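Analysis of the macromolecular model
What follows is the residue order along each chain.
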Amino acid sequence: MPAVEVFRNSTYCDLLETSLGQIHPYQQHNCFILNAEGESVHICRTLLKVVSPYFASIRNSDIKGELEELIKLRKIDICTLKELTCYMRSGMIRISKDNVQSLLAMSERFQMDWIKDKCCRFLKQHFNHTNCFSIRRLAETHSCKELYNYSYNYILRRFEKLTSSQDFLSLSLDEIEKLIQDEDLCVKSEKSVLQAVMNWIKYSPEKRNIHLD
């Protein structure tokens, strides 16, 4: 799989032509510049409202302040915002292993379902035993139901091969209980489950030995 994938939203591209036609070349108030992390990003309010129902519900005068606050709180970074501006102008989004998490978080916050769907698709295409737990956690955090179910079922099917991984040993008690009590858990015998639980306890005995009682 390529490390970077470019997705094109043909429906948005058609809408883009109409939206651009509504922007008067002398409407200076329609655009603004954001300065952060030593970089500058030009933002068009009209296009931002087209791609994001979240911003469509906000007054024009409040948009810049909203973005500045999100950057200040580190809930969105300037590189992700740059990728969004490219999408607003072209209808194409570039997704990579380096930016997929931040794009997913941004697309959920700004209610951009198409970008969110493509982030989930990218993660699914790059899914394997080394990242299945982290992707499941991402999917749960950002309400990606299909990706979460895919991740969870993958873990159930390959449980025995995953129980020595750092991600498995770092799971919470609730997560461990949910897995081992699932009727679809694929194991050769109950001994495998017991061994997995003991490995999990031994990983942090000072905190987990209490669960042996």
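Basis of the calculations
- Residue numbering note: each chain is counted from 1, following its sequence as written.
- With the structure being a predicted model, the display of local features is reserved for residues of pLDDT at least 70 and the display and counting of side-chain atom pairs for 80 or more, all residues being used for whole-chain, interface and lining totals.
- In computing side-chain values, all of the structure's heavy atoms are included and hydrogens and water are not.
- By definition here, a salt bridge exists when the distance from a side-chain nitrogen of Lys or Arg to a carboxyl oxygen of Asp or Glu is within 4 Å.
- A simple rule labels every residue: compare its accessible area, found with a 1.4 Å probe on the protein chains alone, to the largest value its type can have, and call it buried under 20%, exposed over 50%, or partly exposed in between.
- Patch membership is restricted to residues that have no salt bridge and whose relative accessible area is over 30%. Joining uses 9 Å for like charges and 5 Å for the nonpolar side chains Val, Leu, Ile, Met, Phe, Trp and Tyr.
- Every accessible area reported is derived by Shrake-Rupley at a probe size of 1.4 Å, with residue values counting cover from the shown protein chains alone.
- When charges are tallied, Lys and Arg are placed among the positive residues and Asp and Glu among the negative ones, while His and the ends of the chain are skipped.
- The location of each charge is read from NZ of Lys, CZ of Arg, CG of Asp or CD of Glu.
- Helix and strand definitions here come from DSSP, where helices need a minimum of 4 consecutive H or I residues and strands a minimum of 2 consecutive E residues; each element is numbered from the N-terminal end.
- Between any two strands, pairing holds if DSSP finds at least two bridges.
- Side-chain atoms within 4.5 Å are what join buried Ala, Val, Leu, Ile, Met, Phe, Trp, Tyr and Cys residues into a set we call a nonpolar core.
- Note on contacts: a residue pair is in contact if any heavy atoms of the two residues lie within 4.5 Å.
- UniProt positions are given in the numbering used here, feature names are shortened, and annotations may be inferred rather than shown by experiment.
- Angles run from 0 to 180 degrees between N-to-C directions of axes, and those axes are lines fitted to C-alpha atoms, restricted for helices to the stretch in contact.
- Any angle between 65 and 115 degrees counts as roughly perpendicular, while under 35 counts as roughly parallel, over 145 as roughly antiparallel, and the rest as oblique.
- Two helices that cross are described as forming a left-handed crossing if the nearer one is turned anticlockwise from the farther one by less than a right angle, and a right-handed crossing if clockwise.
- Any two rings among Phe, Tyr and Trp, with Trp reduced to its six-membered ring, count as a pair given centres within 6.5 Å; such a pair is stacked if its planes are under 30 degrees apart, edge-to-face if over 60, and tilted if neither.
- A ring has a charge above it when a Lys NZ or an Arg CZ is no more than 6 Å from the ring centre and no more than 35 degrees off the ring normal.

A separate point is the pattern of salt bridges. A side chain with one charge may pair with a side chain of the opposite charge, provided their charged atoms come close. By the definition in use, this model includes six salt bridges. Measuring nitrogen to oxygen at the nearest pair gives 3.1 Å for the salt bridge that ties arginine 59 to aspartate 62. For aspartate 62, a relative accessible area of 32% puts it in the partly exposed group.

Taken together, Arg157, Arg158, Lys161 and Lys188 make up a surface patch of like positive charges. Mapping lysine 188 onto the fold places it in the loop between helix H12 (173–180) and helix H13 (190–203). A relative accessible area of 77% places lysine 188 in the exposed class.

It is worth spelling out the pairing of strand E3 (residues 39–44) at this point. The two faces of a sheet get side chains in turn, since along a regular strand they alternate between them. Pairing between strand E2 (residues 31–36) and E3: six bridges, direction antiparallel. Counterpart to leucine 34 in the pairing with E3 is valine 41. Hairpin geometry of E2 and E3 is characterised by an intervening segment of two residues between the two adjacent antiparallel strands and by a positive phi of about 55 degrees at glutamate 37.

The next point concerns the nonpolar core. Counting 64 residues, the largest nonpolar core has Leu48, Leu67, Leu84, Phe110 and Phe168 as the members making the most contacts within it. Discounting residues that sit within four places of it in the chain, phenylalanine 168 has contacts with Phe133, Phe159, Leu162, Thr163, Ile176, Leu179, Ala196 and Trp200.

Within the chain, glutamine 111 stands out as a residue other than glycine whose phi angle is a positive 60 degrees. Here glutamine 111 lies in the loop between helix H6 (100–109) and helix H7 (113–125). The backbone of serine 143 sits at a positive phi, close to 55 degrees, despite the residue not being glycine. With respect to the secondary-structure elements, serine 143 resides in the loop between helix H8 (132–141) and helix H9 (145–157).

With numbering aligned to this structure, UniProt lists the feature "domain: BTB" (unreviewed entry) at residues 30–97. Taken end to end, residues 30–97 comprises 54% helix and 25% strand; its first and last C-alpha atoms sit 33 Å apart.

At a closest axis distance of 10 Å, the pairing of H7 and H9 adopts a crossing angle of 15 degrees. Here H7 lies roughly parallel to H9, going by the angle between them. Here H7 runs over H9; the crossing is left-handed. Listed contacts from H9 to Cys120, Leu123 and Lys124 of H7 are Glu146, Leu147 and Tyr150.

Time to look at the packing of aromatic side chains. As enumerated under the stated definition, the model contains ten aromatic pairs in all. Pairing tyrosine 148 with tyrosine 152 gives two aromatic rings, centres 6.1 Å apart and planes at 5 degrees, and the pair type is stacked. You can see tyrosine 148 and its partner tyrosine 152 sitting in helix H9, four residues apart, about one turn around the helix. In this structure tyrosine 148 comes out as buried when scored by relative accessible area, which is 15%. Aromatic ring contacts, followed pair by pair, group Tyr12, Tyr87 and Trp114 into a single cluster. Between lysine 178 and the ring centre of tyrosine 152, over which it is positioned, the NZ or CZ distance is 5.0 Å.

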